[in-house]
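So you can see what is in the structure, the chains are spelled out below.
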Amino acid sequence: MMEKNTNNKRKQTLLDEIYSLRKEMMIYGTTKGLTNKKTIELSQKLDIMLNKYPLT
């Protein structure tokens with residue numbers, strides 16, 4: 001049971017980080033442009049985090 005709670009906390013932490021990074025990327029994208037170096041870096045980092053998020 002303890003392992004499940006720890007797992008849920010990790011998933012929630014990752015999800016929080018994903019939402020935060022997504023928001024930051026959207027701000028850069030709308031203010032600096034979608035081809036801006038920082039926007040692309042944030043997008044790539046977001047892709048990595050999304051791939052780590054478990055689907056189950």
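Fair warning: this is a prediction, and the values are worked out from it, not measured in the lab.

Thresholds, definitions, all that
- Residues numbered from 1 in each chain as written.
- Predicted model: local features only at pLDDT ≥ 70, side-chain atom pairs only at ≥ 80, totals over all residues.
- Heavy atoms only, no water.
- Helix = DSSP H or I, 4+ residues; strand = E, 2+ residues; numbered from the N terminus.
- Rg over C-alpha atoms; globule rule 2.2 N^0.38 Å.
- Buried < 20%, exposed > 50% of the residue type's maximum accessible area, 1.4 Å probe, protein only.
- Core = buried A, V, L, I, M, F, W, Y, C linked by side-chain atoms within 4.5 Å.
- Contact = heavy atoms within 4.5 Å.
- Expected span 1.5 Å × (residues − 1).
- Arc of directions from axis to C-beta.
- Polar contact = N/O pair within 3.5 Å; in protein donor to acceptor, adjacent residues only side chain to side chain.

Draft legend 1. Highlighting the overall build of the chain. Within the chain, the regular secondary structure consists of two helices and zero strands. Relative to the compact-globule value of 10 Å for 56 residues, the chain shows a C-alpha radius of gyration of 14 Å, a clear excess of over 25%. When its C-alpha atoms are laid out on the principal axes, the chain stretches across 45 × 15 × 15 Å. Counting only residues that meet the buried cut, the chain has 16% of its 56 residues in that class.

Draft legend 2. Geometry of the nonpolar core. Counting seven residues, the largest nonpolar core consists of Leu14, Ile18, Leu21, Met25, Leu42, Leu46 and Met49. Sorting the residues of this core by element identifies helix H1 (2–32) and helix H2 (37–52) as the ones contributing at least two each. At four residues, H1 tops the list of elements feeding residues into this core. In this view, Leu46 contacts Ile18, Leu21, Arg22 and Met25; residues no more than four positions away in its chain are not counted.

Draft legend 3. Inspection of H2 at higher detail. Between its first and last C-alpha atoms H2 spans 23 Å; for 16 residues at 1.5 Å apiece the expected length is 22 Å, and the two agree. Among the residues of H2, Thr39, Leu42, Leu46 and Met49 are the ones counted as buried. Looking down the long axis of H2, one finds its buried residues gathered within 85° of arc, a one-sided arrangement. Opposite the buried face of H2, by more than 90 degrees, sit the exposed residues Lys37, Ile48, Asn51 and Lys52. Regarding H2, its N-cap is Asn36, as a side-chain oxygen of that residue lies 2.8 Å from the backbone nitrogen of Lys38 further along.

Draft legend 4. Representation of the environment of Arg22 within the structure. Examined against the element boundaries, Arg22 turns out to sit in helix H1. On the accessibility criterion, Arg22 (42% relative accessible area) is partly exposed. Arg22 sits 25 residues away from Asp47 along the chain, and the two C-alpha atoms are 9.9 Å apart.

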